[in-house]
Amino acid sequence: MLNQAEFPQQQTKPTLDLINLTLLFIAVLILSFAAIFIKLSENELGPNATIFNRLWIGSLTLLMWKAINRARNTKSHDYEVQPKPWTIRDLALFVVSCGISALCLLSWAWSLTQTSVANSNLLHNLTPVFATIGDCLFLGHYFDGKFLIGLALASGGAIAVGVEDLQVSPEHFIGDAVALLSAVFYAGSFLISEQLLKKFSVTTILLCNCAVGCLLTLPIVLLSENKLFPNSGLGWLAVIGLGVLCQVIGQGIVTYSLKNFSAGFVSLFLLLEPVITAIFAWEIFGERLSILNWVAFFVVLAGIYLAKSGKGAEQ
């Protein structure tokens, strides 16, 4: 006989899963616009300046959000619970998190100047593989065969999007290696955020990453590029879209999702991003969209579904 206390929980868990998956899908839709915004921004700015503007706008937005929340809590006398004191471990995790996040963005941007976009995207899409390995080795997560088959299926589908344009050449070796390194950094940022969420809010984690990344990127822009800010309305619209929509809302939802799903599954779900980006580029820029792109979309969906039904997707 079912325990009455457990019955409502069994009823609500599928609903909560659906809500969490819907939120994650919304984040993917938002992040899919990042490539569009970057393309518009880089009509005026270099890749490093684009990242710098994305990060400082994201930092400003998060600071304003924190200030509004604090003012609202003070006005309503609804004071937050005092946070636990920081430990040396917390500080170390934040330092590593900020450094890895900045290195991920910078290595990703630099790889695009040293190799083809197709090569860079393909190698960057290996992030779920590294995140799953890291989850197993460092966080003790267990992934069953069904999850691993879903991982292989979804990764293969995402890679198939750019395989037609893949260029194998010794000239691209450095760029390819840096793109692969960016995937390792991206996976590492997921794993560390997963640990930080046990004690800190999503806003705090994002703000630290944005602020430190902004400070690290500024001297690189000043030394390597001759323009810091856009000079047209469309350029500003692009970097504001990157900062507010992609960096704050999109990445905020992704980071929040790590409370409910493993880093391996979240990074796997994000493999929908390049496929959806290709569809958006087809609509907005009239870029070619082959049958392979559509097949890849459904293959990635099938892989995600298989991984979700396996063991290891949830926390």
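Our subject is the structure that appears above.
These figures come from a predicted structure and were not determined experimentally.

### With respect to the overall build of the protein chain
- A tally of helices and strands in the protein chain yields 13 helices and 0 strands.
- Ordered by position from the N terminus, the helices and strands of the protein chain form the series α-α-α-α-α-α-α-α-α-α-α-α-α.
- With 315 residues in all, the protein chain has 49% of them scored as buried.
- For the protein chain, the exposed surface amounts to about 16300 Å²; the carbon and sulfur share of it is 69%.

### Regarding the pattern of salt bridges
- The final tally for this structure, using the stated rule, is 1 salt bridge.
- Put simply, Asp90 and Lys199 hold a salt bridge, and the shortest N to O gap is 2.5 Å. Residue Asp90 is located in helix α4 (residues 88-114), and its partner Lys199 is located in the loop between α8 (173-196) and α9 (202-224); the two are separated by 109 residues in the primary sequence.
- Overall, the relative accessible area of 6% leaves Asp90 in the buried class.

### Description of the nonpolar core
- Counting residues in hydrophobic clusters, the biggest one holds 65 residues, and the most contacted among them are Phe190, Val254, Phe265, Leu268, Leu272 and Val300.
- Looking at which element gives the most residues to this core, the answer is α9, with 7 residues.
- Once residues within four sequence positions are removed from consideration, Val254 is found in contact with Leu24, Ala27, Leu31, Phe190, Val266 and Leu270.

### Quick notes on the packing of helix α2 (residues 34-41) against helix α10 (residues 233-257)
- It is at 8 Å that the axes of α2 and α10 come closest, and there the two elements cross at 150 degrees. Classified by the angle their axes make, α2 and α10 are roughly antiparallel. By crossing handedness, the relation of α2 to α10 is classed as left-handed. Together, Ala34, Phe37, Ile38, Leu40 and Ser41 of α2 and Leu234, Ala238, Val239, Gly241, Leu242, Leu245 and Cys246 of α10 make up the contact between the two elements.

### Some points on the packing of aromatic side chains
- Enumeration over the complete set of coordinates arrives at 11 aromatic pairs.
- Taken together, a centroid distance of 4.5 Å and an interplanar angle of 40 degrees make the contact between Phe143 and Phe147 tilted.
- Considering the side-chain rings of Tyr186 and Phe190, the 4.8 Å spacing of their centres and the 45 degrees angle between planes classify their relative orientation as tilted. Highlighted residues: Tyr186 and Phe190, both in helix α8, separated by 4 residues, approximately one helical turn. Each of the two residues, Tyr186 as well as Phe190, counts as buried.
- A network of ring pairs unites the aromatic residues Phe52, Trp56, Phe229 and Trp236 as a single cluster.

### Brief notes about the side chain of Thr204
- Of note, Thr204 is situated in helix α9.
- Polar contacts involving the side chain of Thr204 include one to the side chain of Lys66, which spans 3.3 Å.
- Residues contacting Thr204, with those up to four places away along its chain left out, are Lys66 and Phe94.

What counts and what doesn't
- Residues numbered from 1 in each chain as written.
- Predicted model: local features only at pLDDT ≥ 70, side-chain atom pairs only at ≥ 80, totals over all residues.
- Heavy atoms only, no water.
- Helix = DSSP H or I, 4+ residues; strand = E, 2+ residues; numbered from the N terminus.
- Buried < 20%, exposed > 50% of the residue type's maximum accessible area, 1.4 Å probe, protein only.
- Areas by Shrake-Rupley, 256 points an atom, 1.4 Å probe, with all protein chains shown as cover.
- Salt bridge = Lys/Arg side-chain N within 4 Å of Asp/Glu carboxyl O.
- Core = buried A, V, L, I, M, F, W, Y, C linked by side-chain atoms within 4.5 Å.
- Contact = heavy atoms within 4.5 Å.
- Axes fitted to C-alpha atoms, helices over the stretch in contact; angles between N-to-C directions.
- Parallel < 35°, antiparallel > 145°, perpendicular 65-115°, else oblique.
- Left-handed = near helix turned anticlockwise from the far one by under 90°.
- Phe/Tyr/Trp six-rings, centres within 6.5 Å; stacked < 30°, edge-to-face > 60°.
- Polar contact = N/O pair within 3.5 Å; in protein donor to acceptor, adjacent residues only side chain to side chain.

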